[in-house]
Amino acid sequence: MNKRLIAAATLSLLFAAPALTAVAQVAELPAPGVGRAAYAPFEHLVGRTWRGVGTGSEAVEDIQRWEWAVGGHAVRVVHSVGGGAYAGETLIFRDRASGAYIFHYFTSGGFHSTGIMRPTGPGAFEAEETIHGLDGFPPLRSTLVMGADGVHRARSFQQENGAWVEKGGFDYREDASAVPVMPALAAAAREASTAVGPLELTRRIVATSGTAGEDSAGYVRIHNGSSAADELIDVSCACADTVEFHRVVRTETGGSMLDDPSWAVPGNGALDVRPGTNLHFMLLNFDPAKAVDGRVRLTLTFRDAGAVQADFSLTGDSRAAWAAFD
């Protein structure tokens, strides 16, 4: 699953106002206690299903179901993105000591998050969230509001160079017919052996939501059985306009994406282009319709070993697909 989609989907359970205030004005809270009375700020959401459409160019769809949990002593939100390409479940709990609403978000993408939500007015919240399991992923902020027109408008923000920058969001409308779709568990992975010279290519996957024209990430492990180092200098595919070697560079104030000219394959070692790390192929303007039996064929060219064609399996959950090889 690509990082842009994760950034939007991770906070898709938090509906936002158009702007993020520097310091939230906390609204009057119900008295500390237990049971449903402690969750009065969520009453307009619980027991309903919401269909959201992404505000960015990807126009991803998110389905959410809000319901009571722990017999009314907590709130559960179950959601799925892209028809089940990615999904998650959140538990929201009223902390008795502080009175704050804390939450823990679990995902099908192999990461989770923790955070706190603060009511800022009728049907409105601000949230702060920390991501666990994605290397260097910065903290997130969001706000929540119920519009007078019955539409929830979500926006998420990441900090870049000391400023909170909007990273997209969702507009939600109630839809009683909508149902979150959970991703299927990955089966034990099998792939045909592919090698060129001393190089063996395994764990070959492309993460995609199935939307035509979406930039999609590719992953592979390249093991070098020779003591002499080699170099991956080109990747191409009829399924994309071009393929770039992307490397994520993260700092305390944000991050950037670099397009590397090549990647080294160490002697008697491996080049791991793995989900969750700083490296991935980016297939620009990817066309999933070019797949045959759920696979697309890429051509990888090495400085010394030469070119080889290899089939890459499509997946909506790159971390689960990678782990299925273990």
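Calculation criteria
- Residues numbered from 1 in each chain as written.
- Predicted model: local features only at pLDDT ≥ 70, side-chain atom pairs only at ≥ 80, totals over all residues.
- Heavy atoms only, no water.
- Buried < 20%, exposed > 50% of the residue type's maximum accessible area, 1.4 Å probe, protein only.
- Helix = DSSP H or I, 4+ residues; strand = E, 2+ residues; numbered from the N terminus.
- Pairing = 2+ DSSP bridges.
- Contact = heavy atoms within 4.5 Å.
- Core = buried A, V, L, I, M, F, W, Y, C linked by side-chain atoms within 4.5 Å.
- Salt bridge = Lys/Arg side-chain N within 4 Å of Asp/Glu carboxyl O.
- Disulfide = S-S within 2.5 Å.
- Phe/Tyr/Trp six-rings, centres within 6.5 Å; stacked < 30°, edge-to-face > 60°.

Examining the pairing of strand S20 (residues 270-273)
Next, step 1: What you see with S20 is a clean split: Leu271 and Val273 sit on the buried side and Ala270 and Asp272 on the side with no burial.
Next, step 2: Pairing of strand S15 (residues 216-224) with S20 involves 4 bridges; the strand directions are antiparallel. Within the sheet, the bridge partner assigned to valine 220 lies in S20 and is valine 273.

Examining the sheet that holds strand S1 (residues 49-54)
Next, step 1: With antiparallel pairing, the 12 strands of this open sheet are ordered in space as S9-S12-S1-S2-S3-S4-S5-S6-S7-S8-S10-S11. Of all the strands in the sheet, just strand S9 (152-153) and strand S11 (163-166) have a single pairing partner and so form its edges.
Next, step 2: Bridge count between strand S7 (residues 124-132) and strand S8 (residues 140-144): 5 bridges; the pairing is antiparallel. Residue glutamate 129 lies in a different strand from S8, and its bridge partner there is leucine 140.

Concerning the environment of isoleucine 116
Next, step 1: As for its position among the elements, isoleucine 116 is in strand S6 (residues 112-121).
Next, step 2: Ignoring sequence-local partners within four residues, the contact set of isoleucine 116 consists of Ala100, Tyr101, Ile102, Phe103, Glu126, Ala127 and Glu128.

Some details on the nonpolar core
Next, step 1: Counting residues in each nonpolar core, the largest one holds 34 residues, and the members touching the most others are Leu201, Ile222, Leu232, Phe281, Leu300, Phe302 and Phe312.
Next, step 2: When residues no more than four places from it in sequence are discounted, the contact partners of phenylalanine 312 are Arg204, Ile205, Val206, Tyr219, Val220, Phe281, Gly294, Arg295, Val296, Leu298 and Leu300.
Next, step 3: Membership of the second largest hydrophobic core comes to 21 residues, among which are Val46, Ala69, Ala74 and Ala154.

Description of the pattern of salt bridges
Next, step 1: Under the definition given, this model contains 19 salt bridges.
Next, step 2: Across the salt bridge formed by arginine 221 and aspartate 272, the nearest N and O atoms sit 2.6 Å from each other. Taken together, the positions of arginine 221 in strand S15 and aspartate 272 in strand S20 put the pair 51 residues apart, joining distant regions of the chain.
Next, step 3: Among the charged side chains, a salt-bridge network with shared partners connects Arg118, Glu126, Glu128 and Arg141.

Describing the state of the cysteines
Next, step 1: Here the structure, examined in full by the defined rule, presents 1 disulfide.
Next, step 2: The disulfide partner of cysteine 237 is cysteine 239, and the gap between their sulfur atoms is 2.2 Å. Between cysteine 237 and cysteine 239, the S-S dihedral sits near 125 degrees, and the bridge is therefore right-handed.
Next, step 3: Owing to a relative accessible area of 3%, cysteine 239 belongs among the buried residues under this scheme.

Structural notes on the packing of aromatic side chains
Next, step 1: Going through the model one piece at a time under the given rule, you end up with 10 aromatic pairs.
Next, step 2: Ring centres of tyrosine 39 and tyrosine 101 lie 5.9 Å apart, and the angle between their planes is 50 degrees; this geometry places the pair in the tilted category. Taken together, the residues span a long stretch of sequence, with tyrosine 39 in the loop between helix H1 (3-10) and S1 and tyrosine 101 in strand S5 (residues 101-107) at a distance of 62 residues.
Next, step 3: Take tyrosine 101: its relative accessible area is 0%, and that puts it in the buried class.
Next, step 4: Each member of the aromatic cluster is reached from another via a ring pair, and the members are Tyr39, Phe42, Trp66, Trp68, Tyr101 and Phe125.

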